[in-house]
Number of protein chains: 2
Amino acid sequence: MSRIRQDEVRQSGLVEGIGDDAALYGTKSDYLEVVCTDTMVEGVHFLKELSSPKEIGYKGLAVNVSDVAAMGGVPKYYLVAIAVPKTWSEQELAELYAGMDELAEPLRIDLIGGDTVSTSDKLVLTVTVVGEVKKGKQRLRKDARPGDAVFVTGTIGDSAAGLQALLGNLHPDRDAASFLINRHKRPVPQVKAGQIMSSADRVSLNDISDGLASELNEISESSCVKIVIDKTRLPMSDSMKSLNHEDAEKWMLFGGEDFELTGTVSRAVFTDLQKRCLAEGILLTEIGRVEEGPAGVFFTEDGKQTKLEKSGYNHFK
Amino acid sequence: MSRIRQDEVRQSGLVEGIGDDAALYGTKSDYLEVVCTDTMVEGVHFLKELSSPKEIGYKGLAVNVSDVAAMGGVPKYYLVAIAVPKTWSEQELAELYAGMDELAEPLRIDLIGGDTVSTSDKLVLTVTVVGEVKKGKQRLRKDARPGDAVFVTGTIGDSAAGLQALLGNLHPDRDAASFLINRHKRPVPQVKAGQIMSSADRVSLNDISDGLASELNEISESSCVKIVIDKTRLPMSDSMKSLNHEDAEKWMLFGGEDFELTGTVSRAVFTDLQKRCLAEGILLTEIGRVEEGPAGVFFTEDGKQTKLEKSGYNHFK
């Protein structure tokens, strides 16, 4: 790791970064630490033929930053462990780090540790992110209450459509392809939206890594409430609309990897949060409501409620 | 990760463990966070034919706990990211976690997060450990001063000899083989020794992962001091002595993976630290002294000083 260093220190609390046995940093007394780790494997989570080292690095950090954002937290530090095959050049490895820094720099996140080892086979990238959240302001999935509005940030399904375009299964026009593929390769973690959600008294929150249906089911189960969504209100990007594709709804509900945020908040404060998001250029859309349990996620169609399973439902079988 | 949980909470500061987007914990205001990450790859760091899943898990956590100990810190939490091939059964994976818990349970460390993904090839295990150290009591390698005593905990070289026994290149008697192989597979992180070192005003400290020569060179370079050791004082285990092997000295200087601690401390307090270690059953041996720079590690032989390079020197070429 000796060659992998930052030129600057971004977080004032950092005491020792990379170089000794471990990194050291201080924490404000009225804050909690937020920590998470995610692994990406070549051939499973990305294909080297389809993604540049820079894009792989960027996404490896982004998915973790998104988890911190979904806690209402602010990311501060990250550690990188890489098992790298000999087929990767030094230059490619440097680009992978550059991809992480492309996200870390504007967010002022410091690289504080890591381990680079060799492997005979596929590259495995494991990123750990540490952040902080004010005590009592953490956003958990168990905090949904009957009467809440269900919301989602940004537009959804783009990443799944982008992956199909990337794989050559979908042929959007050039602008739409560029937008959707970018959404897949370079998801923008919703740190600012998470901060806005952190300001409210109570918000249940998840980031959309495994698809809206899955994330809402997690909130529903953790909170022991029923969630009913209105499919016609799901926020769709212009690029997705331009596809006019029969699978669009599937991608929006089950696609995942958009790394937007979804959750629930009392209707009394939703409009205020929506305005504050808009002021930051963040779309916040109400897509349903929370009802008394039992747990389950439903949508209404033809006057009756249909259960939305964690992944897939009979419309797509 | 949903099936991987602990039955109990060990750290009182833990607010949310595994289950939400990220883990949350609180930190005492007069403490610093200590964080590190290490990766082990099947075929590189361990061979499945020679180590059980339990042993692999144990060591994956131990090497990180050792890094925290070398900071004078106390480990509190860990996160586990695994890329696992289909050739590993659910049972084996559970044993790998059990191996980690075998170390975590007595140390009261909580498993607070992780990610399990599939891979087509070798298992890659990445563990991140978070601990704490009292502000000002962190033990860095840059804190060696001329006049210091150079010390090492326990005995060294055992792990390297154990690896040779494991590989069938060395044939110790049964007791020695059992001891040495155990030292290789189940290193004991020197958390207690790190704590004792943390009580002194100033100690430079490293854990011995890459071999004594390498670790002392790091301290020498970071502190801009010269280190002179007396090879005859290197602490050798009875099992190693029983081998009476010409490579013993090589294993002690360059073998690594003993995960003992080495460092320097003022001569005025060394004897007191030694007594306090002994009271805890920890051998603390003075093996040399720190002199005015330039940086470099030397040993005295036949009246002249020979430089001890980071890895290998001409005696073994």
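Residues numbered from 1 in each chain as written. Chains lettered and ligands numbered in written order. Predicted model: local features only at pLDDT ≥ 70, side-chain atom pairs only at ≥ 80, totals over all residues. Heavy atoms only, no water.

Caption draft 1: Broad picture of the sheet that holds strand 5 (residues 110-119) of chain A. Taken together, 6 strands build an open sheet; the order of strands is 5(A)-4(A)-6(A)-3(A)-2(B)-1(B) and the sheet is mixed. The open sheet has two edge strands with one neighbour each: strand 5 of chain A together with strand 1 (14-16) of chain B. Across the sheet, the mean angle separating the axes of adjacent strands is 20° when strand polarity is ignored. With 9 bridges connecting them, strand 4 (residues 74-85) of chain A and strand 6 (residues 124-134) of chain A associate as antiparallel partners. Across the sheet, Pro75 of chain A pairs through a bridge with Gly131 of chain A, a residue of strand 6 of chain A. Strand contacts of helix 2 (residues 90-107) of chain A: strand 4, strand 5 and strand 6 of chain A, with the helix running at about 165° to strand 4 of chain A, the strand carrying the most contacts. (Pairing = 2+ DSSP bridges. Helix = DSSP H or I, 4+ residues; strand = E, 2+ residues; numbered from the N terminus. Axes fitted to C-alpha atoms, helices over the stretch in contact; angles between N-to-C directions. Contact = heavy atoms within 4.5 Å.)

Caption draft 2: Local environment of the interface of chain A and chain B. With 51 residues of chain A in contact, the opposing surface of chain B contributes 51 residues. Here chain A and chain B share an interface that buries about 4100 Å² over both sides, 59% of which is from carbon and sulfur atoms. Applying the counting criterion to the chain A and chain B interface returns 6 salt bridges. Asp20 of chain A is the salt-bridge partner of Arg141 of chain B, the closest N and O atoms lying 3.7 Å from each other. Linking chain A with chain B are 15 residue pairs in polar contact (both at pLDDT 80 or more), by the criterion used here. Among the secondary structure elements, those contributing two or more residues to the side of chain A that touches chain B are strand 1 (14-16), strand 2 (23-26), strand 3 (31-41), strand 4, strand 5, strand 6 and strand 8 (203-207) of chain A. Of the residues that constitute the side of chain A that touches chain B, the class distribution is 23 nonpolar, 15 polar and 13 charged. In terms of strand pairing, strand 2 of chain A meets strand 3 (residues 31-41) of chain B through 4 bridges, oriented antiparallel. Along strand 3 of chain B, the bridge assignment pairs Tyr25 of chain A with Glu33 of chain B. (Buried area = accessible area lost by both parts, 1.4 Å probe. Salt bridge = Lys/Arg side-chain N within 4 Å of Asp/Glu carboxyl O. Polar contact = N/O pair within 3.5 Å; in protein donor to acceptor, adjacent residues only side chain to side chain. Nonpolar A, V, L, I, M, F, W, Y, C, P; charged D, E, K, R; others polar.)

Caption draft 3: Inspection of the pattern of salt bridges at higher detail. As enumerated under the stated definition, the model contains 58 salt bridges over all chains in all. Note that Lys310 of chain B and Glu221 of chain B form a salt bridge whose closest N and O atoms lie 3.9 Å from each other. On the criterion of sequence distance, the pair formed by Lys310 of chain B in the segment after strand 13 (304-307) and Glu221 of chain B in helix 6 (residues 212-223) is long-range, its members being 89 residues apart. Of the residues examined, Lys310 of chain B reaches a relative accessible area of 36% and is grouped as partly exposed. Residues joined in a network through salt bridges with shared partners are Glu8, Arg10, Asp101, Glu105 and Arg108 of chain A. (Buried < 20%, exposed > 50% of the residue type's maximum accessible area, 1.4 Å probe, protein only.)

Caption draft 4: Molecular detail of the UniProt feature "binding site: ATP" (unreviewed entry) in chain A. Residue and element names in this part refer to chain A. Under the feature "binding site: ATP" (unreviewed entry), the UniProt entry names Tyr97, Gly114, Asp115, Arg141 and Ser209. Of the residues just listed, which span 113 residues, the most distant C-alpha pair is 32.4 Å apart, and they do not cluster in one region. By secondary structure assignment, the location of Tyr97 is in helix 2. Within the fold, Gly114 resides in strand 5. (UniProt positions renumbered as here; feature names shortened; annotations may be inferred.)

Caption draft 5: Structural view of the sheet that holds strand 11 (residues 284-292) of chain A. Residues and elements named next belong to chain A. One open sheet holds the 7 strands; their spatial order is 8-10-7-11-9-12-13, and the pairing between them is mixed. Looking at which strands have only one partner, the edges of the open sheet turn out to be strand 8 and strand 13 (304-307). Direction aside, neighbouring strands of the sheet carry axes that sit 30° apart on average. Both strand 9 (residues 225-229) and strand 12 (residues 296-301) contribute to a ladder of 4 bridges, which runs parallel. Following the sheet pairing, Lys226 is matched in strand 12 by Gly296. Against the sheet, helix 9 (residues 267-279) engages strand 7 (149-153), strand 10 (261-265) and strand 11, with an angle of about 160° to strand 11.

Caption draft 6: Main features of a nonpolar patch on the surface. A grouping of Leu47, Leu163 and Leu167 of chain A is seen on the molecular surface, where their side chains present a nonpolar patch of about 210 Å² in accessible area. Residue classification places Leu163 of chain A among the partly exposed positions, given a relative accessible area of 30%. (Patch = residues over 30% accessible without salt bridge, like charges linked within 9 Å, V, L, I, M, F, W, Y side chains within 5 Å. Areas by Shrake-Rupley, 256 points an atom, 1.4 Å probe, with all protein chains shown as cover.)

Caption draft 7: A look at the domain arrangement of chain A. All names here are of chain A. In terms of domain boundaries, chain A breaks down into domain 1 (14-134) and domain 2 (141-316). Spacing between the C-alpha centres of domain 1 and domain 2 amounts to 25 Å. Of the residues lining the interface, 20 residues belong to domain 1; the matching set on domain 2 comes to 19 residues. Both faces combined, the contact of domain 1 with domain 2 buries some 1600 Å², and carbon together with sulfur accounts for 59% of it. (Domains from an automatic or database assignment.)

Caption draft 8: Local environment of the pairing of strand 4 (residues 74-85) of chain B. Residue and element names in this part refer to chain B. The buried fraction of strand 4 amounts to 11 of the 12 residues, a majority that puts the element mostly inside the structure. With 9 bridges joining them, strand 4 and strand 5 (residues 110-119) adopt parallel strand pairing. By the bridge assignment for strand 5, Ala81 is matched with Asp115. Running through helix 2 (residues 90-107), the crossover from strand 4 to the neighbouring parallel element strand 5 is right-handed. (Right-handed = clockwise from strand over helix to strand, strands pointing away.)

Caption draft 9: Main features of the packing of helix 5 (residues 191-199) of chain B against helix 9 (residues 267-279) of chain B. All names here are of chain B. Where helix 5 contacts helix 9, the two axes come as close as 10 Å, and the packing angle between them is 150°. Judged by the angle between their axes, helix 5 and helix 9 are roughly antiparallel. As for the relative orientation of helix 5 and helix 9, their crossing is right-handed in sense. Residues Ile196, Met197 and Ser199 of helix 5 touch helix 9, and the partners they reach there are Leu273, Arg276 and Cys277. (Parallel < 35°, antiparallel > 145°, perpendicular 65-115°, else oblique. Left-handed = near helix turned anticlockwise from the far one by under 90°.)

Caption draft 10: How the structure looks around unusual backbone geometry. Pro294 of chain A follows Gly293 of chain A through a cis peptide bond whose omega is 5°. Assignment of secondary structure puts Pro294 of chain A in the loop between strand 11 and strand 12. In this structure, Glu257 of chain B takes a positive phi of about 65° despite not being glycine. With respect to the secondary-structure elements, Glu257 of chain B resides in the loop between helix 8 (248-255) and strand 10 (261-265). For Glu257 of chain B, a relative accessible area of 25% corresponds to the partly exposed category.

Caption draft 11: Representation of the packing of aromatic side chains. Per the counting criterion, the structure on display carries 2 aromatic pairs over all chains. A ring pair is formed by Tyr25 of chain A and Tyr77 of chain A, whose centres lie 4.5 Å apart and whose planes are at 35°; its orientation type is tilted. With Tyr25 of chain A in strand 2 and Tyr77 of chain A in strand 4, the pair connects residues that are 52 residues apart, well separated along the chain. As far as burial versus exposure is concerned, Tyr25 of chain A and Tyr77 of chain A are alike and both buried. It is Lys28 of chain B that lies over the ring of Tyr31 of chain B; its NZ or CZ is 4.4 Å from the centre. Residue placement shows Lys307 of chain B over the ring face of Phe298 of chain B; its charged tip is 5.9 Å from the ring centre. (Phe/Tyr/Trp six-rings, centres within 6.5 Å; stacked < 30°, edge-to-face > 60°. Lys NZ or Arg CZ within 6 Å of the ring centre and 35° of its normal.)

Caption draft 12: Structural detail: helix 9 of chain B. Residues and elements named next belong to chain B. Compared with an ideal rise of 1.5 Å per residue, which puts 13 residues at 18 Å, helix 9 spans 19 Å between its outermost C-alpha atoms and is within 8% of the ideal. Those residues of helix 9 that sit buried are Phe270, Leu273 and Cys277. Viewed end-on, helix 9 has its buried residues packed into an arc of 75°, placing them on one side of the element. Within helix 9, the exposed residues directed more than 90 degrees away from the buried face are Ala268, Lys275, Leu278 and Ala279. For helix 9, the elements touching its buried residues are strand 7 (149-153), helix 5, strand 10 and strand 11 (284-292). A positive phi of about 80° marks Gly281, the residue just after helix 9. (Expected span 1.5 Å × (residues − 1). Arc of directions from axis to C-beta.)

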